[in-house]
Amino acid sequence: MSTPSQPAARAERARNPPPLVAGRARHPKIGSCAVRQPFTQSRTVGGSHYAGVVVDSLSRRQAQRITLAAQGFGRRRPPTPTAKHLHAVMRDIGVLQIDSVNVFARSHYMPMFSRVGAYDPALLDAAMFGEGGDYVEYWAHVATLVPVSDWNLWNFRMVANREKYGEHAGGWVSENAATMQWVREELAARGPLRPAEIEDDAHQGARGPWWDWNRVKQALEYMFLFGEVAVAGRRGFERRYGLAEQVIPAAHRDSPLPRTDAIRELMSRALASYGVATTADLADYYRITIADASSALADLRDAGIAIPTEVEGWSRNNKPLPAWRHRDAVAARAIPRAALLTPFDPLVWFRDRAARLYDFDYRIEIYTPAAKRKFGYYSLPVLADGDVVGRVDLKADRARSTLLVQSAWWEADAAAKHAEAVADELRLAARWQGLESISVSSWGTATADLHAALPGAARHA
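Residues numbered from 1 in each chain as written. Predicted model: local features only at pLDDT ≥ 70, side-chain atom pairs only at ≥ 80, totals over all residues. Heavy atoms only, no water.

Identification of the protein chain as Winged helix-turn-helix domain-containing protein from Microbacterium mitrae is taken from an unreviewed UniProt entry.

With respect to the sheet that holds strand β6 (residues 143-147)
Pairing between the strands of a sheet comes from backbone hydrogen bonds, and it takes one of two forms, parallel or antiparallel. The three strands are arranged β4-β6-β5 in an open sheet whose pairing can be described as antiparallel. The open sheet has two edge strands with one neighbour each: β4 (96-97) and β5 (135-139). Relative to β6, β5 runs antiparallel, the two being bridged by five bridges. Looking at the pairing, Tyr135 lines up with Pro147 of β6. With respect to the sheet, helix α5 (residues 121-129) is in contact with β4, β5 and β6, its orientation differing from that of β5 by roughly 70 degrees. (Pairing = 2+ DSSP bridges. Helix = DSSP H or I, 4+ residues; strand = E, 2+ residues; numbered from the N terminus. Contact = heavy atoms within 4.5 Å. Axes fitted to C-alpha atoms, helices over the stretch in contact; angles between N-to-C directions.)

Quick notes on the pattern of salt bridges
Taken as a whole and assessed by the stated rule, the structure comprises 30 salt bridges. Glu131 serves as the salt-bridge partner of Arg240, at 3.3 Å between the closest nitrogen and oxygen. Taken together, the positions of Arg240 in strand β8 (residues 238-243) and Glu131 in the loop between α5 and β5 put the pair 109 residues apart, joining distant regions of the chain. Classification of Glu131 as exposed rests on a relative accessible area of 59%. Arg190 is the partner of Glu186 in a salt bridge, and the nearest nitrogen-oxygen pair spans 3.0 Å. Taken together, the positions of Glu186 and Arg190, both in helix α8 (residues 177-190) and four residues apart, correspond to about one turn of that helix. A relative accessible area of 39% means that Arg190 is categorised as partly exposed. Among the ionic contacts, a cluster of salt bridges with common partners joins Glu137, Glu221, Arg234 and Arg239. (Salt bridge = Lys/Arg side-chain N within 4 Å of Asp/Glu carboxyl O. Buried < 20%, exposed > 50% of the residue type's maximum accessible area, 1.4 Å probe, protein only.)

Observations concerning the nonpolar core
In terms of nonpolar packing, the biggest core is built from 112 residues, with Trp154 and Leu426 touching the most fellow members. Setting aside residues no more than four positions away along its own chain, Leu426 makes contact with Leu340, Leu394, Leu403, Val405, Ile438, Leu450 and Leu454. Ranked by size, the runner-up nonpolar core spans 26 residues in total, among them Ala329, Ala339, Tyr358 and Phe360. (Core = buried A, V, L, I, M, F, W, Y, C linked by side-chain atoms within 4.5 Å.)

Quick look at the confidence of the model for the protein chain
Model confidence for the protein chain is summarised by a mean pLDDT of 88, while 85% of its residues fall at 70 or above. Every residue in residues 44-48 scores below 50 in pLDDT, and together they form twelve contacts with partners more than four places removed in sequence or on other chains. Counting contacts from residues 203-211, a segment whose pLDDT is below 50, to residues more than four positions away or on other chains yields eleven contacts. (pLDDT = per-residue confidence, 0-100.)

Notes on the pairing of strand β19 (residues 437-440)
For strand β18 (residues 402-410) and β19, the ladder comprises four bridges, and the chain directions are parallel. Counted as the bridge partner of Thr402 is Ser437 from β19. Considered for its hand, the β-α-β crossover made up of β18, helix α16 (residues 419-432) and β19 is right-handed. Here two bridges tie β19 to strand β20 (residues 458-459), and the two strands are oriented parallel to one another. Pairing of Val440 across the sheet is with Arg459, part of β20. Between the parallel elements β19 and β20, the chain passes through helix α17 (residues 447-452) in a crossover that is right-handed. (Right-handed = clockwise from strand over helix to strand, strands pointing away.)

Quick word on the packing of helix α2 (residues 60-70) against helix α12 (residues 259-274)
As a packed pair, α2 and α12 sit with axes 6 Å apart at the nearest point and diverge in direction by 115 degrees. Comparing their axes, α12 and α2 come out roughly perpendicular. Contacts between α2 and α12 involve Ile66, Thr67 and Ala70 on the former and, on the latter, Ala272, Ser273 and Tyr274. Class assignment for the residues of the contact of α2 with α12 results in four nonpolar, two polar and no charged. (Parallel < 35°, antiparallel > 145°, perpendicular 65-115°, else oblique. Nonpolar A, V, L, I, M, F, W, Y, C, P; charged D, E, K, R; others polar.)

Focus: the environment of Trp139
If you trace the backbone, Trp139 turns up in strand β5. Taking relative accessible area as the criterion, Trp139 reaches 37% and is therefore assigned partly exposed. Sequence separation between Trp139 and Leu225 is 86 residues, and the spatial gap between their C-alpha atoms is 7.1 Å. Apart from residues no more than four positions distant in its own chain, Trp139 is found in contact with Arg157, Phe224 and Leu225.

What about the side chain of Thr309?
Locating Thr309 in the fold gives a position in strand β10 (residues 306-311). In this structure Thr309 comes out as buried when scored by relative accessible area, which is 0%. Of the polar contacts made by the side chain of Thr309, one reaches the backbone oxygen of Ile307; its length is 2.8 Å. A polar contact is formed between the side chain of Thr309 and the backbone nitrogen of Arg325, at a distance of 3.3 Å. (Polar contact = N/O pair within 3.5 Å; in protein donor to acceptor, adjacent residues only side chain to side chain.)

Some remarks on the sheet that holds strand β17 (residues 387-397)
As summarised here, the arrangement of the six strands in space is β15-β16-β17-β18-β19-β20, forming an open sheet in which the pairing is mixed. Edge positions in the sheet fall to β15 (338-340) and β20, since each of these pairs with one other strand and no more.

Details of the packing of aromatic side chains
The geometry of an aromatic ring pair is captured by two quantities: the separation of the ring centres and the angle between the planes. For the coordinates displayed, the defined rule picks out 17 aromatic pairs. Ring geometry for Tyr119 versus Trp432: centroids 5.6 Å apart, planes at 40 degrees, classification tilted. In this pair, Tyr119 is assigned in the loop between α4 (110-116) and α5 and Trp432 in helix α16, connecting sequence segments 313 residues apart. With respect to burial, Tyr119 and Trp432 carry one shared label: buried. Centroid distance Trp154 to Phe156: 6.2 Å. Interplanar angle 25 degrees. Geometry classified as stacked. When the ring centre of Phe237 is taken as origin, the NZ or CZ atom of Arg234, which lies over that ring, is 4.4 Å away. Here the guanidinium or amino end of Arg353 rests over the ring plane of Tyr274, the centre of that ring lying 3.7 Å away. (Phe/Tyr/Trp six-rings, centres within 6.5 Å; stacked < 30°, edge-to-face > 60°. Lys NZ or Arg CZ within 6 Å of the ring centre and 35° of its normal.)

Okay, structure coming up:
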């Protein structure tokens, strides 16, 4: 029997796309404050990426505005943010990266603040970490929150993790089968548990010479990667683990998508969340290989969803870098005067893209010795007028109820014109965190401008 050619197979998939995954529309609308801009410059080129089709040509500024709209910055901040607004942000960005660093605010609280303003963090806790809620944790980018309705979508990754690390791989899992089985039995008998509760039970009886608490924690992490257990919620920052059938509704668990369909869906969503992006940008969003991303994007191109595009300044070896624009992409009209970003915000989390789109070179310096840090311990990118214009290193001194601006830097001299807008955002950040005052250090090219724009703010070394 003959095998269909790749173009024929792609054309068939374009005519008969797989059903949508429950929980998110494939092509979400980006908001009433966004406006479609004409992408009139185009040219016809050859090559495997473009295949002789007409190619859009965008300016860097257009690409920035499209990205802002796709990422949820095209809507005005609500006067009183509610859970509805947090769900809208999740529809825009798709995933929320979880991080434990808490010097100012934990990273997963920041993308909502950047987009909707000073919301009640308890709203996020209830929406994202509450038992039986709309979201669940999985390794979608790194450790992230995803819609629980997407559990079936991640089956391909669970299968790959099991093939790589499972009992037949000859590694840790096979060597610790007794630990794995005991954890399964504990969860089956007792329901979702915090690791400490499993530890307490272990101390109440003799578990034999194989018992080791670190092995139990590792067993839970492997079972999480395999989709055998899911996170039923958190208390503080401590996870509660349950068997998948105890946490995930059967409707979201029992009909896994085929691998090819799942990857195509993820690439469609990534492109909708970015608006315009390179293949590498899109592959990074959900940590898909370049080969798989390229194949999925070829299908999306044939379906008319991914439009071949070139962006001003995006080049490699003096040649335009192939990119894609989502067919429904719009450019944001209303954008915030300023916004503070976590370095794990999808807007900037892929460092190559941040450098290409915003000329912004970012490296986390948490593990850099203090004397060798260039910008600060945990500096936050600063968005203003649609561009990344600076970075600030913030610390919440809760004992003194003070927001400490440990350092602040402009990316270019002209960025100082944004001092008033950034100062307003710092006031909002202090209010959001329940801090009564602000103190600005003298370290950094933006500190003098920000202090001048913050009447009443203290200074510290």
